[in-house]
Amino acid sequence: NHWLLAACNIVGGDVDILERVFVDTEHADKGFYVVRFYVDDPNSDDDWQVILVDDFLPCGEDGMPCFARCPSPVVLWISIIEKAFAKLQGCYEATGGGSVEDGLLYLTGGLSREVGIAPSADATMKDALWSQMMEWWMSAHVIGCEHRIDSEPSAELQATGLLPNTPYCVVTGGEPMGAGRMVRLRTFHGYSEWKGKWSDTDPAWTSRLRQSLAFSNNSDDGTFWMAFDDFVIWFNVLFICRMADDRWTTLTTKSRWQDETAGGCPPNFATWRNNPQWLLRTSQPLQLTVTLSSPQPPPPPDGAKGTLFTPDAAIGVSVITGNAGDDGRRGGLLDPPSAGHAGGGQRRRIGQHLAQRRGI
């Protein structure tokens, strides 16, 4: 269940968001906690599953927890979350087989998505990404990153100390005087850390900079700083998760692809126009987030193996700009001017965010 622990690490980048996972910690001295997980339920308007769990943990002969644990034996939050999720699924073994996006959804109920980083990003693209990340940090987002590859890691990557296909939490970033753009990352305790510029042993650290950034020279704590220019070189995927707050208006509808409404995805199938459609009219600019989710498949029969989280089919959603006036419903039927598209994979939930849209 590395995917779940990675999501916990990313959500832990914002303590306020992490604390929302715990419904009740007031009875910790009595040995129990109440934890919640977001689980899509098509038969209910309440998608939060509340789990009561005690603090008895399975331990090995050394007296240490067998599964997830924090470096300090008196810090139990990750162990409690993992045990509560194991109770939700039926056992520890049943917690395998998810993705980081699944984990972010379970923990927050927010909109989680992947954003690719172009390997040859120019200065303009880097500026745009930096501005976007700064906005995310200031607007109830948590951010993760990953160096995703399908082959053996190169010697250059191994020399950096970074681990491929391992999600990191992008805790924060800034532009301290004299250092340029920097980001602070966190992996798991004991994992290898960044060895390049602004690593723990880099002589470029000054006393003033150490103090202003609360620098800790600990090569085993899993946290490190790196230059933003190096960040965009060595990471090619971002995990973004935004929490919805009371300022958002939420509209929900339920449907299914069935019979002739299963039109397929554009432009591969001409029948895509038969897919379920909804018309949205806006009278003023707004930020619009469209999400599409499929319910979690039922668990396999007792004793059966398999992944619990992968839907049976790929899902997708397109936002198409309509025509003006009475012809609005016919917008984009022949050559759709798409305002946004997400999908193309067997995933439980996808989303598309469109900022300051009008006339959709």
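The structure under discussion appears in the preceding block.
As the structure is a prediction and not an experimental result, all values here were calculated from the model.

K.L.:
How should the overall build of the protein be read in this particular structure?
P.N.:
Within the protein, the secondary structure is distributed over 8 helices and 13 strands. Here the protein, with 360 residues, has 39% of them falling under the buried criterion. At a minimum sequence separation of 6, the contacts of the protein that also span at least 24 residues come to 67%.

K.L.:
What is the right way to read the pairing of strand β8 (residues 223-227) from this model?
P.N.:
Within a regular beta strand, the side chains point alternately toward one face of the sheet and then the other, so they alternate between its two faces. Of all the 5 residues making up β8, 5 are buried; the element is thus mostly covered by neighbouring parts of the structure. Residues of β8 alternate between two faces, with T223, W225 and A227 on one and F224 and M226 on the opposite face, all of them buried. Across 5 bridges, strand β7 (residues 182-186) lies against β8 in antiparallel orientation. Its bridge partner being in β8, R184 is matched across the sheet by W225.

K.L.:
So what exactly am I meant to see when it comes to the nonpolar core here?
P.N.:
If you look at soluble globular proteins, the nonpolar side chains tend to sit buried side by side. If you look at the biggest cluster of nonpolar residues, it comprises 37 residues, and the most contacted ones within it are V35, F37, I81, L104 and L107. Of all the secondary-structure elements, those providing two or more residues to this core are α1 (2-11), α2 (15-19), β2 (32-38), β3 (48-54), α3 (77-89), α4 (100-108), β6 (168-174) and β9 (237-242). Examining the composition of this core, we find that 8 residues originate from one element, α1, more than from any other. With sequence-adjacent residues up to four places away left out, F37 is seen in contact with D47, W48, Q49, I51, I81, A84, F85, L88, Y106 and L107.

K.L.:
I'm lost on the sheet that holds β2 in this one. Help?
P.N.:
The strands making up a sheet associate through hydrogen bonds between their backbones, and the pairing can be parallel or antiparallel. Spatial strand order, β1-β2-β3: 3 strands in an open sheet with antiparallel pairing. Since the sheet does not close on itself, it has two edges, and those belong to β1 (22-24) and β3, each with one partner. Pairwise comparison of adjacent strand axes, ignoring direction, gives a mean angle of 35° for this sheet. Together, β1, β2 and β3 form the strand contacts of α3, whose direction differs from that of β3 by roughly 115°. Across the sheet, α4 touches β2 and β3, and the angle it forms with β2 is around 120°.

K.L.:
Explain the sheet that holds strand β4 (residues 111-116) to me, please; I cannot follow it from the model alone.
P.N.:
The strand order across the open sheet built from 6 strands is β4-β9-β5-β6-β7-β8, with neighbouring strands paired in antiparallel fashion. Of all the strands in the sheet, just β4 and β8 have a single pairing partner and so form its edges. The average angle at which neighbouring strand axes cross in this sheet is 30°, direction not considered. Bridge analysis of β6 against β7 gives 5 bridges, and the strand direction is antiparallel. Each bridged residue has a counterpart across the sheet, and for C169 the counterpart in β7 is R186.

K.L.:
What am I meant to see in the packing of α1 against α4 here?
P.N.:
The relative placement of two packed helices comes down to the angle between their axes together with the axis-to-axis distance. Two numbers describe how α1 lies on α4: the axes approach to 8 Å, and their chain directions differ by 55°. When the axis of α1 is compared with that of α4, the two are oblique. As for the relative orientation of α1 and α4, their crossing is right-handed in sense. Residues W3, A6, A7, C8, I10 and V11 of α1 form the contact with α4, whose participating residues are V100, D102, G103, L104, Y106, L107 and T108. When grouped by side-chain class, the residues that make up the contact of α1 with α4 number 10 nonpolar, 2 polar and 1 charged.

K.L.:
Looking at this structure, I do not really get the packing of aromatic side chains. What am I missing?
P.N.:
When we look at a pair of aromatic rings, we describe it by the centre distance and by the angle of the planes. One pass over the structure, following the stated rule, counts 16 aromatic pairs. Taken together, a centroid distance of 5.2 Å and an interplanar angle of 35° make the contact between F231 and F235 tilted. Both residues of the pair, F231 and F235, belong to the buried class. Among the aromatic residues, those joined into a ring-pair cluster are W130, W137, Y168, F224, F228, F231 and F235. A cation sits over an aromatic face here: R36 above W48, 3.8 Å from the ring centre. Sitting over the face of the ring of W198, K197 holds its NZ or CZ atom 4.5 Å from the ring centroid.

K.L.:
Help me out: how do you make sense of unusual backbone geometry in this one?
P.N.:
Among all residues save glycine, negative phi is the norm, and among peptide bonds the norm is trans. Phi angles above zero are rare outside glycine, and W198 is one such case at about 70°. Tracing the chain through its elements places W198 in the loop between β7 and α7 (207-212). Positive phi, close to 55°, is recorded for D259, a residue that is not glycine. Mapped onto the elements, D259 comes out in the loop between β9 and β10 (286-293). Residue class for D259 comes out exposed when judged on its relative accessible area of 65%.

Calculation criteria
- Residues numbered from 1 in each chain as written.
- Predicted model: local features only at pLDDT ≥ 70, side-chain atom pairs only at ≥ 80, totals over all residues.
- Heavy atoms only, no water.
- Helix = DSSP H or I, 4+ residues; strand = E, 2+ residues; numbered from the N terminus.
- Buried < 20%, exposed > 50% of the residue type's maximum accessible area, 1.4 Å probe, protein only.
- Contact = heavy atoms within 4.5 Å.
- Pairing = 2+ DSSP bridges.
- Core = buried A, V, L, I, M, F, W, Y, C linked by side-chain atoms within 4.5 Å.
- Axes fitted to C-alpha atoms, helices over the stretch in contact; angles between N-to-C directions.
- Parallel < 35°, antiparallel > 145°, perpendicular 65-115°, else oblique.
- Left-handed = near helix turned anticlockwise from the far one by under 90°.
- Nonpolar A, V, L, I, M, F, W, Y, C, P; charged D, E, K, R; others polar.
- Phe/Tyr/Trp six-rings, centres within 6.5 Å; stacked < 30°, edge-to-face > 60°.
- Lys NZ or Arg CZ within 6 Å of the ring centre and 35° of its normal.

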